[in-house]
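Letter by letter, the chains look like this.
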Amino acid sequence: MDDALMPILARYLRRQHEGLRWKVEGLPERELRMPRTPTGTNLLGLLKHVSGVEADYLGSCLGRPFEEPLPWMDAEPDDDMFAAADESVAWVLSLHERVRAHAEATIEALPLDAPAHVPWWGEQADTTMGRLLVHLTAEVARHAGHADILREQIDAAAGQRPGIGDLAHRDPAGWAAYVERLRAIAEATPGE
């Protein structure tokens, strides 16, 4: 794989992290912990989950283990999808920063064709740093999208990042009219 791609892949991964991180900023702790879907998805849990996943992929899978134990990664299913009572918002944010620093150091230290081993990938367990970066970018983008929807439901903060014009510019009345238009189309559609 061409190492000239490394800065591009690293930048895309970084931007997805920035978007996810923005979604947890400025809200009270209760709002960040509150489960907002039938499966319990919550903003703080998404950030904790992504931190653990990245620590594994850009850590142990590349022979550069993250220096802190993350016991929830091997505990009960979904223990990485919420912050435990003793894991504060500040702690999760700090964990995310530490994992990101470790990941950035790994990205800086290794070429795209550096060998990687992902035990849970079965027959495709032997792979490369480049594939891990693509995989992680998709993983973080998926969860940043989840966070975008959850945050919009809380306080209408939407979009990829502050100042990024990826949504139409409407005031609250404009958005209400737009949503009503969509609702009318949906309600006029025959059900099955």
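Details of the structure are given in the entry above.
No experiment lies behind these values; they were computed from the predicted model shown.

Draft legend 1. Layout of the overall build of the protein. Secondary structure summary: the protein contains six helices and two strands in total. The secondary structure elements of the protein, listed N-terminal to C-terminal, are α-α-α-α-β-β-α-α. Taken along its principal axes, the extent of the C-alpha atoms in the protein is 55 × 40 × 40 Å. Taking all 192 residues of the protein together, the buried fraction comes to 39%. Entry remark: accessible area of the protein is about 10800 Å², with carbon and sulfur atoms responsible for 56%.

Draft legend 2. The packing of helix H3 (residues 43–57) against helix H4 (residues 89–109), seen in detail. Taken N-terminus to C-terminus, the directions of H3 and H4 make an angle of 30°; their axes are 9 Å apart at the nearest point. Relative to H4, the element H3 lies roughly parallel. In this structure, the crossing between H3 and H4 has a hand that is left-handed. For the pair H3 and H4, contact is made by Leu44, Leu47, Lys48, Ser51, Glu54 and Ala55 and by Val89, Val92, Leu93, Leu95, His96, Val99, Arg100 and Ala103, respectively.

Draft legend 3. Representation of the environment of Arg100 in the model. Along the polypeptide, Arg100 turns up in helix H4. Linking Arg100 and Glu54, residues 46 residues apart in sequence, is a C-alpha distance of 8.0 Å. Residues contacting Arg100, with those up to four places away along its chain left out, are Leu13, Arg14, His17 and Glu54.

Draft legend 4. Spotlight on H4. Taking 1.5 Å of rise per residue, 21 residues should cover 30 Å, and H4 covers 30 Å from first to last C-alpha, within 8% of that figure. For H4, the set of buried residues is Val89, Val92, Leu93, Leu95, His96, Val99, Arg100, His102, Ala103, Thr106 and Ile107. Those residues of H4 that are buried are in contact with helix H1 (6–24), helix H2 (29–33), H3 and helix H5 (129–155).

About the cut-offs
Residues numbered from 1 in each chain as written. Predicted model: local features only at pLDDT ≥ 70, side-chain atom pairs only at ≥ 80, totals over all residues. Heavy atoms only, no water. Helix = DSSP H or I, 4+ residues; strand = E, 2+ residues; numbered from the N terminus. Buried < 20%, exposed > 50% of the residue type's maximum accessible area, 1.4 Å probe, protein only. Areas by Shrake-Rupley, 256 points an atom, 1.4 Å probe, with all protein chains shown as cover. Axes fitted to C-alpha atoms, helices over the stretch in contact; angles between N-to-C directions. Parallel < 35°, antiparallel > 145°, perpendicular 65-115°, else oblique. Left-handed = near helix turned anticlockwise from the far one by under 90°. Contact = heavy atoms within 4.5 Å. Expected span 1.5 Å × (residues − 1).

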